[in-house]
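Overview (structure and organization)
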Amino acid sequence: MTSDPGDKNDDGDSGSGKNRGDSGLTEQPRPVVCAHCGTTSPDPQPTWTCSVENGTRHYFCDTCARANLRAIEGRLDSGWW
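Everything in this summary refers to the structure shown in the same document. None of these values were measured; they are calculated from a predicted model.

Brief notes about the overall build of the chain
- Secondary structure assignment for the chain yields 2 helices and 4 strands.
- Listing the helices and strands of the chain from first to last along the sequence gives β-β-β-β-α-α.
- For the chain, with 81 residues in total, the buried portion stands at 17%.
- In the chain, of all internal contacts separated by at least 6 residues, the share reaching a separation of at least 24 is 27%.

Take a look at the structure:
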């Protein structure tokens, strides 16, 4: 027996009309906090710097990033500056 490609359900949905994994809740974005001075922003800003230190992401606001540019470019951990 062959089936029409239009009848095939590629997303694994049983056809009940419900979205897979939809619990009705949407994930709210968490504010980003500067790891140096504590300034907050509702979302990452293009002027902020992101650094990965010991496997953890650290965000730095534009003011802290500018003040410590040489240390950041030298790849020093934020504990040094």
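So, the side chain of serine 51
- Looking at the element boundaries, serine 51 is found in strand 3 (residues 49-53).
- A polar contact is formed between the side chain of serine 51 and the side chain of glutamate 53, at a distance of 3.4 Å.
- In this structure serine 51 touches Thr56, Arg57, His58 and Phe60, once residues within four positions along its chain are discounted.

Let's talk about the nonpolar core
- Formed by Val32, Cys34, Trp48, Phe60, Cys61, Cys64, Ala71 and Trp81, the largest nonpolar core amounts to 8 residues.
- Setting aside its immediate chain neighbours within four residues, alanine 71 contacts Leu76 and Trp81.

Some details on the pairing of strand 3
- Where strand 3 and strand 4 (residues 56-60) come together, 5 bridges link them in antiparallel fashion. Counted as the bridge partner of serine 51 is histidine 58 from strand 4.
- The antiparallel pairing of strand 3 with strand 4 creates a hairpin that spans 2 residues between the two strands, and asparagine 54 there sits at a positive phi of about 55°.

A few points about the environment of glutamine 45
- On the secondary structure map, glutamine 45 appears in the loop between strand 2 (40-41) and strand 3.
- Of the polar contacts made by the side chain of glutamine 45, one reaches the side chain of serine 41; its length is 3.0 Å.

Quick word on the layout of surface pockets
- Empty space within the largest pocket amounts to approximately 170 Å³.
- In terms of lining residues, the largest pocket is bounded by Thr49, Cys50, Ser51, Val52, Glu53, Phe60, Ile72, Arg75, Leu76, Asp77 and Trp81.
- Looking at the lining of the largest pocket residue by residue, the classes come out as 6 nonpolar, 2 polar and 3 charged.

Quick look at unusual backbone geometry
- One non-glycine residue, asparagine 54, lies in the positive phi region at around 55°.
- In this structure, asparagine 54 sits in the loop between strand 3 and strand 4.
- For asparagine 54, a relative accessible area of 76% puts it in the exposed group.
- Positive phi, close to 60°, is recorded for arginine 75, a residue that is not glycine.
- Topologically, arginine 75 is positioned in the segment after helix 2 (69-73).
- Relative accessible area serves as the criterion here: at 75%, arginine 75 is assigned to the exposed category.

What counts as what
- Residues numbered from 1 in each chain as written.
- Predicted model: local features only at pLDDT ≥ 70, side-chain atom pairs only at ≥ 80, totals over all residues.
- Heavy atoms only, no water.
- Helix = DSSP H or I, 4+ residues; strand = E, 2+ residues; numbered from the N terminus.
- Buried < 20%, exposed > 50% of the residue type's maximum accessible area, 1.4 Å probe, protein only.
- Contact = heavy atoms within 4.5 Å.
- Polar contact = N/O pair within 3.5 Å; in protein donor to acceptor, adjacent residues only side chain to side chain.
- Core = buried A, V, L, I, M, F, W, Y, C linked by side-chain atoms within 4.5 Å.
- Pairing = 2+ DSSP bridges.
- 1 Å grid on protein atoms, 1.4 Å probe; cavity = no way out; pocket = protein on both sides within 12 Å on 5 of 7 lines; lining within 4 Å.
- Points joined across faces, edges and corners; volume = space filled by probe spheres on them.
- Nonpolar A, V, L, I, M, F, W, Y, C, P; charged D, E, K, R; others polar.

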